[in-house]
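The lines below spell out each chain.
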Amino acid sequence: EASPRQVAALSGVRVSAASAGREHSLILAEDGRVFSCGFGNYGLGHGDTRSVFEPKAIRSLGGVRISAVAAGTFTSFFASSDGRVWSSGSGERGQLGHGNDLHQSLPKRV
């Protein structure tokens, strides 16, 4: 689109940060919830590999107050307000920090 427009799926959500990766985006709400959308072939944190065309809450992080997000090349990182870190997406080169090269469709603590 030529002009920015409000994302209807985030109506009523107070957004504090967003991060755009190669083919996906992460949106952080002020209350610590995280939403993702985009190409899902390696997982967007929802437990599957489907693409998501509107921001969808990552429910597996429920109960954890996330304070920062980072979207990379098919990877997502989530940091909690108490310093814990989770990652999901492509682990092809070990970039998720889990000690292996496996893809992670749900956020896993690093």
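Residue numbers run consecutively from 1 along every chain, following the written order of its sequence. pLDDT decides what is reported in this predicted model: residues at 70 or higher carry local features, side-chain atom pairs at 80 or more are listed and counted, and totals for whole chains, interfaces and linings draw on all residues regardless. For the side-chain quantities, the full set of heavy atoms in the structure was used; hydrogens and water were omitted.

A. The arrangement of the overall build of the chain in detail. Of the regular secondary structure elements, the chain holds zero helices and eight strands. Labels follow the DSSP assignment, with helices taken as runs of H or I lasting at least four residues and strands as runs of E lasting at least two, numbered in each case from the N terminus. Of the regular secondary structure in the chain, the N- to C-terminal order runs β-β-β-β-β-β-β-β. Once the C-alpha set of the chain is aligned to its principal axes, its extents read approximately 40 × 30 × 20 Å. Burial here depends on accessible area, computed with a 1.4 Å probe over protein chains only, as a share of the maximum for the residue type. Under 20% is buried, over 50% is exposed, and the range in between is partly exposed. A burial count over the chain gives 41% of its 110 residues as buried. Note on definitions: a residue-residue contact is assigned when non-hydrogen atoms from the two residues lie within 4.5 Å. Taking contacts inside the chain between residues at least 6 apart in sequence as the whole, the part at least 24 apart equals 32%. Note that accessible areas follow from Shrake-Rupley with a 1.4 Å probe, and for residues the cover is restricted to the protein chains shown. When the accessible surface of the chain is totalled, it reaches about 6300 Å², and 47% of it is carbon and sulfur. Charge assignment: positive for Lys and Arg, negative for Asp and Glu; neither His nor the chain ends contribute. Throughout, a charge is located at the NZ atom of Lys, the CZ atom of Arg, the CG atom of Asp or the CD atom of Glu. Put simply, the chain has 12 plus and 9 minus side-chain charges, and the middle of one group is 4 Å from the middle of the other.

B. How the structure looks around the nonpolar core. Side-chain atoms within 4.5 Å link the members of a nonpolar core, which is a set of buried Ala, Val, Leu, Ile, Met, Phe, Trp, Tyr and Cys residues. With eleven residues, the main nonpolar core is built from Leu26, Leu28, Val34, Ile58, Leu61, Val64, Ile66, Val69, Ala71, Phe78 and Trp86. Those elements that provide at least two residues to this core are β2 (24-29) and β5 (66-71). By residue number, the principal contributor to this core is β5, which donates three residues. Every residue in contact with Leu28, bar those within four places of it in the chain, is listed here: Arg14, Val15, Ser16, Ala17, Arg33, Val34, Ile66, Ser67, Ala68 and Val69.

C. The arrangement of the sheet that holds strand β8 (residues 104-109) in detail. Between any two strands, at least two bridges found by DSSP are needed for them to pair. With antiparallel pairing, the four strands of this open sheet are ordered in space as β5-β6-β7-β8. Looking at which strands have only one partner, the edges of the open sheet turn out to be β5 and β8. Along the sheet, successive strands turn relative to each other by an average axial angle of 15°, direction set aside. Bridge count between strand β7 (residues 85-89) and β8: three bridges; the pairing is antiparallel. Residue pairing for β8: Trp86 is matched across the bridge by Arg109. To get an axis, fit a line to the C-alpha atoms, keeping to the stretch in contact for a helix; angles then go from 0 to 180 degrees between the N-to-C directions.

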